[in-house]
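A look at the structure
If you want the building blocks of each chain, they are given just below.
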Amino acid sequence: MTKKRIAVVPGSFDPITNGHLDIIERAAKVFPEVRVAVMNNSSKNPLFSVEERMDLIRAVTSKFPNVIIDSSSGLLIDYARSVEASVIVRGLRAISDFEYEMQITSMNRMLDESIETFFVMTKNQYSFLSSSIVKEVARYGGDISGLVPAVVEKALREKYIGS
């Protein structure tokens, strides 16, 4: 079976940040179809539901006609197979990400060596950025305007202060 040139950009995206968006946009320039897979990790306690995360991602990626938003609660490699993806795209912020990503990539390769993993270095301005940091700053009323798209900033405000 020949795999299509479909790339999967996985993550919990709780919430999507400008760093995530940068990786998605760059993948969309290279691959004819990009599937953003919101992974439902049972070991995490997310702020936003899977549907809320998908809606936020749809809102900020609507300008990319080749980006499809989806979700999965199983193994990433099983999801990639189910959509006939040939590539998983992962963002790297710093050297500290590499060891964790290498473990995941090695396991995925063991499970299905036909699906490649491409690492994309985030832009320097996002090298410190994570959803956890954004939520922490938002929880205490800090300025997150340069860290997330406006629709995400609004959604975070609504979660934490109700308006």
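In this text, all values refer to a predicted model and were calculated from it rather than measured experimentally.

1. Some details on the nonpolar core
- With 35 residues, the main nonpolar core has Val9, Phe13, Val34, Val36, Val67 and Val89 as its most contacted residues.
- Contributing elements (two or more residues each) for this core: β1 (6–11), α1 (18–30), β2 (33–39), α2 (50–61), β3 (67–72), β4 (87–92), α5 (131–139) and α6 (150–161).
- If we ignore the near neighbours within four places in the chain, the residues touching Val34 are Ala7, Val9, Ala27, Ala28, Asn66, Val67 and Ile68.
- In this structure, Ile77, Val83, Ala85 and Ile88 belong to the second largest nonpolar core, which totals 12 residues.

2. Concerning the sheet that holds β4
- If you trace the 5 strands from one edge of the open sheet to the other, you get β3-β2-β1-β4-β5, paired in parallel fashion. Of all strands in the sheet, those with a lone pairing partner are β3 and β5 (116–121), marking the two edges. For this sheet the average axis-to-axis angle between neighbouring strands, irrespective of direction, equals 30 degrees.
- Inspection of the sheet shows β4 paired to β5 by 6 bridges, in the parallel sense. In the sheet register, Gly91 faces β5, and the bridge partner there is Val120.
- The strands touched by α1 within the sheet are β1, β2, β3, β4 and β5, with β5 carrying the most contacts at an inclination of about 120 degrees.
- Together, β4 and β5 form the strand contacts of helix α4 (residues 95–111), whose direction differs from that of β4 by roughly 170 degrees.

Definitions and limits used
- Residues numbered from 1 in each chain as written.
- Predicted model: local features only at pLDDT ≥ 70, side-chain atom pairs only at ≥ 80, totals over all residues.
- Heavy atoms only, no water.
- Core = buried A, V, L, I, M, F, W, Y, C linked by side-chain atoms within 4.5 Å.
- Buried < 20%, exposed > 50% of the residue type's maximum accessible area, 1.4 Å probe, protein only.
- Helix = DSSP H or I, 4+ residues; strand = E, 2+ residues; numbered from the N terminus.
- Contact = heavy atoms within 4.5 Å.
- Pairing = 2+ DSSP bridges.
- Axes fitted to C-alpha atoms, helices over the stretch in contact; angles between N-to-C directions.

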